[in-house]
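Residues per chain are reported as follows:
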Amino acid sequence: MAWPEWIRPHVEVLLLWITWAVDHIDLDYLEYLLWLFLPVIIIFVLPILLVIFIYGCIIFLHIYGLRNRIREAYHTSYWDGARVAIASFWDAIGHVWHGYEVDGIENVPDTGPALFIYYHGCLPLDVYYLISKITVVKGRSLHCVGDKFIFKIPGWGVLCKLFSVTPGTVEDCTANLNDGHLLCIAPGGVREALFSDPHLYDIMWGKRLGFARVVLNSKTPVIPMFTENCRDAFRTPEWGRSFFRWVYEKTKMPLCPIYGGFPVKMITHLGKPMYFDFENVTPQQVRKAIKIEVKALIREHQRLPGSVVRGILQRFWGKPAKEHDEMELLTRTTHSDDAGHFTDEGARAQIARNGKRAAPPKADVDEAERENDEIEEMMAEDDDNMIPGGLPIAGSERI
């Protein structure tokens, strides 16, 4: 078989390199090196492989324990069976690598729509895990808003279709909820994912109102959501962050590098459903009310400043009580004592009465949370109708 003309020179170079390597590499010397480093290989490499095999068995057993649900799903539909099988795999990954848990899964309705609004970590692993948990435990599918570039990646289209990832507009999201589905949106999107401070877990929603319009158009309850240590599993480097932020604001290209994969403890906290007076509230008031609730979850559950080491140790020794300095940091991230006062006392009193979180009245939201967002709003002047999302499936830059 003759090689194509355009590739023939490269093949010839490769063959010449292989010939040179065979002629000049001293096999006896390689054998000596192997003998010399064999103890190191046995001491370090083999135990690592053994641990990998053990964890592989743990993941298999976790999935095997869900075999009845997988079998039932396959009886219903081959696609449902595939969805449950993949969800079981990711549920096992979350259980093994991050000790993943969900606090408040009882707040997810068994039927009917709900909109999850969440703080965006550097990578939305918590969203993958939550989708899997809801699929396995509740038997429901959590739909997501995804960035358009995802669907152009070879092979990803069928996965996005299987898990109901869509590059939706406000109208698409409204229709999705009106059809009775669960939907999750991260208002901070890529900006929050890449540039939120891991020490403060600051919310970066700018002036975006698309998600609030979805709430009003669909008249759907909102479930605020936050995952502990979500910014410590993966991080962006502190050096050059201002430059990458400038590039992103000018081009919308998420070029900031990401590192991590740390096995920190991850617990997703789902708040009580929020209900609004849909006829007498504006999108701005809906945004502020939801932001108060998400900040309340961060204040209540996240130790600040964020720490990778502390997140890993939390898996073994639990979470110690907050210290005085940490409480000062939490106060700085809220910008308002009034907002926290309303959330902690007024709303929680309402929960105690009827088990549901009532959204604050319009006048109370006006007085709550006087935020200092001038810089963020200047850099997000075109975000008014956006429902952004994350990396790689947590939302679309514009809906």
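As annotated in an unreviewed UniProt entry, the protein carries the name Phospholipid/glycerol acyltransferase domain-containing protein and is attributed to Mesorhabditis spiculigera.

> Which residues make up the side chain of Arg 235, and what are the values?
Turning to its location among the elements, Arg 235 is positioned in strand S7 (residues 234-235). Given the relative accessible area of 12%, Arg 235 is considered buried. Polar side-chain contacts of Arg 235 include one of 2.6 Å to the side chain of Asp 232. Once residues lying within four places of it in the same chain are set aside, the contact partners of Arg 235 are Cys 122, Pro 198, His 199, Pro 257, Ile 258, Tyr 259, Gly 306, Ser 307 and Val 308.

> Talk me through the nonpolar core; I want residue IDs and the actual numbers.
Counting residues in hydrophobic clusters, the biggest one holds 64 residues, and the most contacted among them are Phe 116, Phe 276 and Ile 290. Once residues within four sequence positions are removed from consideration, Ile 290 is found in contact with Ile 117, Trp 205, Phe 211, Val 215, Val 222, Met 274 and Phe 276.

> Tell me about the environment of Tyr 129, residues and numbers included.
Here Tyr 129 shows up in helix H5 (residues 125-138). Taking C-alpha positions, Tyr 129 is 8.4 Å from Ile 93, a pair spaced 36 residues apart along the chain. Those residues in contact with Tyr 129, other than ones at most four positions away along the chain, are Trp 90, Ile 93, Gly 94, His 98, Tyr 100 and Met 266.

> Which residues make up helix H13 (residues 308-317), and what values go with them?
Taken together, the buried positions of H13 are occupied by Val 308, Gly 311 and Gln 314. When H13 is viewed along its axis, its buried side chains cluster within an angular range of 115 degrees and face the same direction. Away from its buried face by more than 90 degrees, H13 exposes Val 309, Phe 316 and Trp 317. Among the structural elements, helix H10 (230-233), S7 and strand S9 (267-270) are those in contact with the buried residues of H13.

> Could you give an account of the packing of helix H7 (residues 170-178) against helix H9 (residues 210-218), with specific residues and numbers?
Between H7 and H9, the shortest axis-to-axis distance is 9 Å and the interhelical angle comes to 40 degrees. Taken together, the axes of H7 and H9 lie oblique to each other. Remark: the crossing between H7 and H9 carries right-handed chirality. Between H7, through Val 170, Cys 173, Thr 174, Leu 177 and Asn 178, and H9, the contact on the second element is made entirely by Gly 210, Arg 213, Val 214, Asn 217 and Ser 218. When the residues that make up the contact of H7 with H9 are grouped by side-chain class, the tally is four nonpolar, five polar and one charged.

> So, helix H11 (residues 241-251): which residues are in play, and what are the values?
Looking at H11, one finds that the buried residues are Arg 241, Phe 244, Arg 245, Val 247, Tyr 248 and Glu 249. Check the buried side of H11 and you find it contacts helix H8 (189-195). At the exit of H11 stands Lys 252, carrying a positive phi of roughly 60 degrees.

> Give a detailed account of the environment of Val 102, specifying residues and quantitative values.
Structurally, Val 102 is set in strand S1 (residues 101-103). The sequence separation of Val 102 and Ile 267 amounts to 165 residues, and the corresponding C-alpha distance is 5.6 Å. Here Val 102 is in contact with Leu 130, Lys 133, Thr 268 and Leu 270, once residues within four sequence places are set aside.

> Could you give an account of the packing of H9 against helix H12 (residues 283-301), with specific residues and numbers?
Across the interface, H9 lies against H12 with an axial gap of 8 Å and an inter-helix angle of 105 degrees. In terms of orientation, H9 lies roughly perpendicular with respect to H12. Here Phe 211, Ala 212, Arg 213, Val 215 and Leu 216 of H9 lie close against H12, whose contacting residues are Pro 283, Val 286, Arg 287 and Ile 290. A breakdown of the residues in the contact of H9 with H12 according to their chemical character gives seven nonpolar, no polar and two charged.

> Break down the packing of aromatic side chains for me, with residues and values.
A full pass over the atoms with the stated rule returns 16 aromatic pairs. Summarising the aromatic geometry, the rings of Phe 195 and Tyr 248 are spaced 6.0 Å apart at their centres and angled 50 degrees between planes, so their arrangement reads as tilted. With a gap of 53 residues between them, Phe 195 in helix H8 and Tyr 248 in helix H11 connect regions that are remote in the sequence. Judged on exposure class, the residue Phe 195 and its partner Tyr 248 are both buried. For the ring pair Trp 205 and Phe 211, a centre distance of 5.4 Å and an interplane angle of 75 degrees mean the geometry is edge-to-face. Taking the relative accessible area as the measure of exposure, Phe 211 reaches 0% and is therefore buried. Ring pairing ties together the aromatic residues Phe 89, Trp 90, Tyr 100, Tyr 128 and Tyr 129, which thus form one cluster.

Analysis parameters
- Residues numbered from 1 in each chain as written.
- Predicted model: local features only at pLDDT ≥ 70, side-chain atom pairs only at ≥ 80, totals over all residues.
- Heavy atoms only, no water.
- Helix = DSSP H or I, 4+ residues; strand = E, 2+ residues; numbered from the N terminus.
- Buried < 20%, exposed > 50% of the residue type's maximum accessible area, 1.4 Å probe, protein only.
- Polar contact = N/O pair within 3.5 Å; in protein donor to acceptor, adjacent residues only side chain to side chain.
- Contact = heavy atoms within 4.5 Å.
- Core = buried A, V, L, I, M, F, W, Y, C linked by side-chain atoms within 4.5 Å.
- Arc of directions from axis to C-beta.
- Axes fitted to C-alpha atoms, helices over the stretch in contact; angles between N-to-C directions.
- Parallel < 35°, antiparallel > 145°, perpendicular 65-115°, else oblique.
- Left-handed = near helix turned anticlockwise from the far one by under 90°.
- Nonpolar A, V, L, I, M, F, W, Y, C, P; charged D, E, K, R; others polar.
- Phe/Tyr/Trp six-rings, centres within 6.5 Å; stacked < 30°, edge-to-face > 60°.

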